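Architecture and fold: a report
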Amino acid sequence: MSDHPLSTMRKLDPEFMKHLEDTDALVYADGALPRRVKLLIAMAFDAANGAPGGVRALAEQALKAGASKEEIAEALRVAFHLSGVGCLYAASFGLKDLLE
């Protein structure tokens, strides 16, 4: 992805975005759940909420953290099961060209 989904907010309110980045570091750190699993959970939430940019950004991070394409697919199955087919449209749009 050439542009971070929150790049405009970084320009608008860099102080607040620094707080968000610090929170992200805490939330997505390895713990009882590994980082890749936390990122897959977040990706599923973004798919369920219709945020393709978030799906893509989180899927990229999950892949870098060691997630497989199969894990991404299974996380999206769960999102579909709980939120409906709309999440698959957001996921498909967000993942276009990433997993090829």
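The rules behind these values
Residues numbered from 1 in each chain as written. Predicted model: local features only at pLDDT ≥ 70, side-chain atom pairs only at ≥ 80, totals over all residues. Heavy atoms only, no water. Helix = DSSP H or I, 4+ residues; strand = E, 2+ residues; numbered from the N terminus. Axes fitted to C-alpha atoms, helices over the stretch in contact; angles between N-to-C directions. Parallel < 35°, antiparallel > 145°, perpendicular 65-115°, else oblique. Left-handed = near helix turned anticlockwise from the far one by under 90°. Contact = heavy atoms within 4.5 Å. Nonpolar A, V, L, I, M, F, W, Y, C, P; charged D, E, K, R; others polar. Expected span 1.5 Å × (residues − 1). Buried < 20%, exposed > 50% of the residue type's maximum accessible area, 1.4 Å probe, protein only.

**Regarding unusual backbone geometry**
- With a phi close to 70°, Asp 97 is a non-glycine residue in the positive phi region.
- Along the chain, Asp 97 falls in the segment after helix H6 (86–95).

**Quick notes on the packing of helix H3 (residues 35–48) against helix H5 (residues 69–83)**
- Packing of H3 against H5 leaves a shortest axis separation of 9 Å and a crossing angle of 40°. Accordingly, the angle class assigned to the pair H3 and H5 is oblique. Between H3 and H5 the crossing geometry is right-handed. Contact with H3, carried on its side by Arg 36, Leu 40, Met 43, Ala 44, Ala 47 and Ala 48, involves Glu 71, Ile 72, Ala 75, Leu 76, Ala 79 and Ser 83 of H5 and no other residues of that element.
- Counted by class, the contact of H3 with H5 contains 9 nonpolar, 1 polar and 2 charged residues.

**Thoughts on H3**
- Over its 14 residues, H3 runs 20 Å from end to end, which matches the ideal 20 Å to within 8%, given 1.5 Å per residue.
- Lys 38, Leu 39, Leu 40, Ala 42, Met 43, Ala 44 and Ala 47 are the residues of H3 that are buried.
- Where H3 is buried, its residues contact helix H2 (14–27), helix H4 (52–64), H5 and H6.
- A positive phi of about 70° marks Gly 50, the residue just after H3.

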